[in-house]
Amino acid sequence: MIETDIIIVGAGPCGLFTVFEAGLLKLRCHLIDALPQAGGQLTEIYPKKPIYDIPGFPEVLAGDLIEHLMKQAAPFKPGFTLGERCESFEKTDDGQFIVKTSRGTLHKAPVVAIAGGLGCFEPRKPPIGNIADYEDKGIEYIVRDPNFYQGKRVIISGGGDSALDWSIFLANGVAKEVTLIHRSKSFRGHPDSVQKVLDMAASGKIKLLTDAEVVGVQGSGHLETIEVDSQSEGKISLATDHWLPLFGLSPKLGPLADWGLNIDKNSIEVNTYDYSTNVPGIYAIGDINTYPGKLKLILCGFHEATLMVQSAFKRIYPDKNYVLKYTTVNGVTGF
Ligand SMILES: Cc1cc2nc3c(=O)[nH]c(=O)nc-3n(C[C@H](O)[C@H](O)[C@H](O)COP(=O)(O)OP(=O)(O)OC[C@H]3O[C@@H](n4cnc5c(N)ncnc54)[C@H](O)[C@@H]3O)c2cc1C
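Draft legend 1. Inspection of the site of the ligand at higher detail. Surveying the vicinity of the ligand reveals 31 residues, the closest of which are Asp33, Gln41, Tyr46, Cys86 and Asp287. The contact in question runs from an oxygen atom of the ligand to an N or O atom on the side chain of aspartate 33, over 2.7 Å. For the ligand, whose unbound accessible area comes to 1,000 Å², protein coverage reaches 87%. Those elements giving two or more residues to the shell around the ligand turn out to be α1 (13-24), β3 (29-33), α2 (40-44) and β11 (120-123). The element contributing the most residues to the shell around the ligand is α2, with 3 residues. Of the residues belonging to the shell around the ligand, the class tally is 17 nonpolar, 8 polar and 6 charged.

What follows is the structure, given as structure tokens:
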């Protein structure tokens, strides 16, 4: 059981900034994210795009902003449970919350802050009837740990950055064999990555099959072969240890919709006094909440996080008086 002061559901920019603001109040945080890395939409959707409306940064790349936020949070030693989705919570007799993830990891704290953005990014799955039989038994939609593929035969499907980048990475000394299958000849990914894949295919480091798609999967207990429909070769069977269909992720509110929170159009209703939800002790900040005048902007989420932790502090220490001190006066003293 991981114990902390605030469990933060979602390690996007608002969840990360919560760690800093909570740390100033000497509250410890643990972040849980369904994705294998921190950063939320900024890392998953647009890491190389410049953002122009972060106060004090005339221009900053989304990926760089996440790096800065990680650095800013570091003195407060946040814990991370990554690659696991928060599924359910229960309340203990002493008024704490126990949050359980998709992999059964348990987290306990007196306060839960939901910073779940647009929700969980669910993989777009190819329409293959028995695909669920092999999920986590040779078929994975997200690369959680590249070392998992060490010395393995890996087939990747997709034409975007994720498929291209992982093909390049895994073919560089990680996997024994990498095959990239894409249903067209043109790729949607970054031109640099496309060129790298073409070069690696020409030198035999990657097997490239274009105008082809996976139409079937087989194996006893674990994935063993996939069936490919190829324009040039017809139906062929390929032996493999893993198939990674990387067709992108689309966000869904997911299990949070069943937490008994007041929901309006896929967003959690909050009181703007402290961004509390209708369940005492559970707060919601950032893109996932809604209130009159709500703007889904990073800077608004930062403001919400700042006010929210003040309320969380009072909830955890009802008898303590907190006096706001500027960081310029007190500095930043970590744990
Ligand atoms: C292309 C694009 C450009 C943008 N440009 C700007 C801009 O210029 N300026 C600006 O201010 N905003 C911009 N935005 C919006 C900005 O990205 C969001 O406002 C911001 O990401 C919200 O941060 P967040 O921390 O609330 O949520 P997110 O960044 O969405 O992070 C939420 C995290 O919660 C996780 N999660 C959700 N549910 C669960 C669960 N049940 N269990 C575990 N984890 C869960 C998700 O996996 C995700 O990682 C842009 C958005 C896009 C898509």
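Draft legend 2. Quick look at the sheet that holds strand β13 (residues 177-182). Ordered by their spatial adjacency, 4 strands build an open sheet running β14-β13-β12-β18, and the pairing between neighbours is parallel. The open sheet has two edge strands, β14 (207-210) and β18 (242-245), and neither has a second partner. Pairs of neighbouring strands in the sheet enclose a mean axial angle of 15 degrees, with direction left out of account.

Draft legend 3. Representation of the sheet that holds β3. Across the sheet, 5 strands lie side by side as β6-β3-β2-β10-β22; this open sheet has parallel pairing. The strands lining the two open edges of the sheet, one partner per strand, are β6 (79-82) and β22 (282-284). Adjacent strand axes in the sheet meet at a mean angle of 20 degrees when their direction is disregarded. Two elements, strand β2 (residues 6-9) and strand β10 (residues 111-114), share 4 bridges in a ladder whose sense is parallel. Residue pairing in the sheet places isoleucine 6 in a bridge with valine 111 of β10. Where α1 meets the sheet, its contacts fall on β2, β3 and β6, and the angle it forms with β3 comes to roughly 175 degrees.

Draft legend 4. Highlighting the pattern of salt bridges. Taken as a whole, this structure holds 7 salt bridges when the rule is applied. Between arginine 85 and glutamate 87 there is a salt bridge, with the nearest N and O atoms lying 2.7 Å from each other. The exposure class assigned to arginine 85 is partly exposed, which follows from its relative accessible area of 24%. Taking the relative accessible area as the measure of exposure, glutamate 87 reaches 27% and is therefore partly exposed.

Draft legend 5. Structural detail: a positive patch on the surface. A grouping of Arg124, Arg183, Arg188 and Lys252 is seen on the molecular surface, where their side chains present a positively charged patch. If you trace the backbone, arginine 188 turns up in the loop between β13 and α5 (191-202).

Draft legend 6. Representation of the nonpolar core. Counting residues in hydrophobic clusters, the biggest one holds 58 residues, and the most contacted among them are Ile6, Val112, Ile114 and Trp259. With 8 residues, helix α6 (residues 298-316) is the largest single contributor of residues to this core. Core analysis: the next-biggest nonpolar cluster, separate from the first, contains 20 residues, Ala163, Ala175, Val178 and Val194 among them.

Calculation rules
- Residues numbered from 1 in each chain as written.
- Predicted model: local features only at pLDDT ≥ 70, side-chain atom pairs only at ≥ 80, totals over all residues.
- Heavy atoms only, no water.
- Near = heavy atom within 4 Å.
- Polar contact = N/O pair within 3.5 Å; in protein donor to acceptor, adjacent residues only side chain to side chain.
- Areas by Shrake-Rupley, 256 points an atom, 1.4 Å probe, with all protein chains shown as cover.
- Helix = DSSP H or I, 4+ residues; strand = E, 2+ residues; numbered from the N terminus.
- Nonpolar A, V, L, I, M, F, W, Y, C, P; charged D, E, K, R; others polar.
- Pairing = 2+ DSSP bridges.
- Axes fitted to C-alpha atoms, helices over the stretch in contact; angles between N-to-C directions.
- Contact = heavy atoms within 4.5 Å.
- Salt bridge = Lys/Arg side-chain N within 4 Å of Asp/Glu carboxyl O.
- Buried < 20%, exposed > 50% of the residue type's maximum accessible area, 1.4 Å probe, protein only.
- Patch = residues over 30% accessible without salt bridge, like charges linked within 9 Å, V, L, I, M, F, W, Y side chains within 5 Å.
- Lys, Arg positive; Asp, Glu negative; His and termini not counted.
- Charge placed at Lys NZ, Arg CZ, Asp CG, Glu CD.
- Core = buried A, V, L, I, M, F, W, Y, C linked by side-chain atoms within 4.5 Å.

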